[in-house]
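Coordinate analysis (summary)
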Amino acid sequence: MRRMAAESRRSQMLRGVLDLCLLAVVIDEPAYGYEMTRRLRERGLSTVGEGSIYPLLGRLEREGLVATHREASDGGPPRKYYSASPSGRRALNEGVRAWRDVRGEVDAVLATLEAEVTG
Amino acid sequence: MSPFVEECRREWDRLGVPDLLADEMATELEADLAEAEADGVSAAEIVGESDPRRFAATWASERGLVSEPAPPKRRRRVWPWVVVAAVFLVLLLSWLALQTLGTSHASSGRPVQVRRPRITVPNVIGMRACPAEKVALDAGLIVRHVPSRRCGARVIGQWPAPGRMVPQPHGPRYTVRLRLRRAKR
């Protein structure tokens, strides 16, 4: 029960920043859906919680934050690649700034509890 | 096409997603799932959702391909089991209650087997009839009435026999019968 609650909290926290993470993994090099999942894993984000990256990619595409193109794959169907659009780069920069601010503020509040929680 | 993707494709059809886009999403998903499977990653980790219809609707909705909002997430179906368990419990309790009532009814319907106290038949042989009758009555037995004209007769026999244990009388069976002989004048 406690574990489920922890997972739910993690999922909720991720929900607000997962789009930034997706933009971050395609900022330098385009990637298709599963490749983005793989890159997230490589950077330490093994599970994205409830839901999936696909609806989020759909929203990023709708909002013009990612550009897409198709590329042939080895033997399989052509893959859909995502890359950060110029507005996606701007959104990422702003989002990262906002995230760091929030993280700093939350950390400042929670730091007072650190001794109690870890002790 | 995997069953999950097929189900998604059907949902996109239902929602009116243009075929071209629905095919594109289905192809993308199918290729990603196949690659994930090859990597040993489960489909659940990729789609994060066990309900293909909801997954498909959410994706299409987020892409702005449909106006219909994604259906609310189905909660894990715990409640049907709770209902089934509750119904079962109610039935079980009802059955137990009926059993208990039936037992008590049955037991109240049957004649109650109460063990009546037993008494010892006194020896009245040799006594005059009326004192003998009184002794037997005092002992709690029923005695066939002795007419007053035979009050002086002597008891020469009795049934049941003296000393026999008999239940307290509740009928003619345990009535003491005295055999009398006319008194000598």
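Residues numbered from 1 in each chain as written. Chains lettered and ligands numbered in written order. Predicted model: local features only at pLDDT ≥ 70, side-chain atom pairs only at ≥ 80, totals over all residues.

**Quick word on the overall build of chain A**
Inclusion rule: Numbering of helices and strands runs from the N terminus; a helix is a DSSP stretch of H or I covering at least four residues, while a strand is a stretch of E covering at least two. Using C-beta atoms placed from the backbone, we call a residue buried if 20 or more other C-beta atoms fall within 10 Å of its own, exposed if 12 or fewer do, and partly exposed for counts in between. Placing a C-beta atom from the backbone of each residue, one calls two residues in contact when those atoms lie within 7 Å.
When helices and strands are counted, chain A shows 5 helices and 3 strands. Of the regular secondary structure in chain A, the N- to C-terminal order runs α-α-β-α-α-β-β-α. Looking at chain A residue by residue over its 119 residues, the buried ones come to 25%. Restricting the contact set of chain A to residue pairs at least 6 apart, pairs at least 24 apart contribute 52%.

**Some words on the pairing of strand 3 (residues 79-84) of chain A**
Residue and element names in this part refer to chain A. Heads up, the rule is: Whether two strands pair comes down to DSSP finding at least two bridges between them.
Pairing of strand 1 (residues 31-32) with strand 3, which is carried by 2 bridges, proceeds in the antiparallel orientation. Its bridge partner lying in strand 3, Tyr32 is registered against Tyr81. The pairing of strand 2 (residues 66-71) with strand 3 spans 6 bridges and is classified as antiparallel. Counted as the bridge partner of Val66 is Ala84 from strand 3.

**Brief notes about the interface of chain A and chain B**
One frequent convention defines the size of an interface as the accessible area lost when the parts assemble. Formally: Side-chain classes follow a simple rule in which Ala, Val, Leu, Ile, Met, Phe, Trp, Tyr, Cys and Pro form the nonpolar group, Asp, Glu, Lys and Arg form the charged group, and the remainder, Gly included, forms the polar group.
Each partner contributes residues to the interface: chain A has 20 residues there, and chain B has 19 residues. Mapped onto the side of chain A that touches chain B, the elements with two or more residues apiece are helix 3 (33-42), helix 4 (53-62) and strand 3 of chain A. By residue number, the principal contributor to the side of chain A that touches chain B is helix 4 of chain A, which donates 7 residues. Looking at the side of chain A that touches chain B residue by residue, the class counts come to 7 nonpolar, 7 polar and 6 charged.

**Thoughts on the environment of Arg15(A)**
Mapped onto the secondary structure, Arg15(A) falls in helix 1 (residues 2-15). For the pair Arg15(A) and Val48(A), spaced 33 residues apart in sequence, the C-alpha separation works out to 8.4 Å.

**Here we look at the confidence of the model for chain B**
Threshold: One number per residue, pLDDT, summarises how confident the predictor is, and it ranges from 0 to 100.
Residues at a pLDDT of 70 or more form 81% of chain B, whose mean pLDDT is 81. Our summary of model confidence lists the complex with pTM equal to 0.59 and ipTM equal to 0.83.

**Some points on the packing of helix 3 of chain A against helix 4 of chain A**
All names here are of chain A. Cut-off, in case you're wondering: Only the contacting stretch of a helix is used when fitting its axis, a line to C-alpha atoms as for every element, and angles between N-to-C directions run 0 to 180 degrees. To sort the angles, those under 35 degrees are grouped as roughly parallel, those over 145 as roughly antiparallel, those from 65 to 115 as roughly perpendicular, and the leftovers as oblique. Each crossing gets its hand from how the near helix is turned against the far one by less than a right angle, where anticlockwise is left-handed and clockwise is right-handed.
Between helix 3 and helix 4, the shortest axis-to-axis distance is 11 Å and the interhelical angle comes to 110 degrees. In this view, helix 3 runs roughly perpendicular relative to helix 4, as classed from their interaxial angle. As helix 3 packs across helix 4, the resulting crossing turns out to be right-handed. Touching Gly33, Met36 and Thr37 of helix 3 are Ile53, Tyr54 and Leu57, all from helix 4. Class assignment of the residues belonging to the contact of helix 3 with helix 4 gives a composition of 4 nonpolar, 2 polar and no charged.

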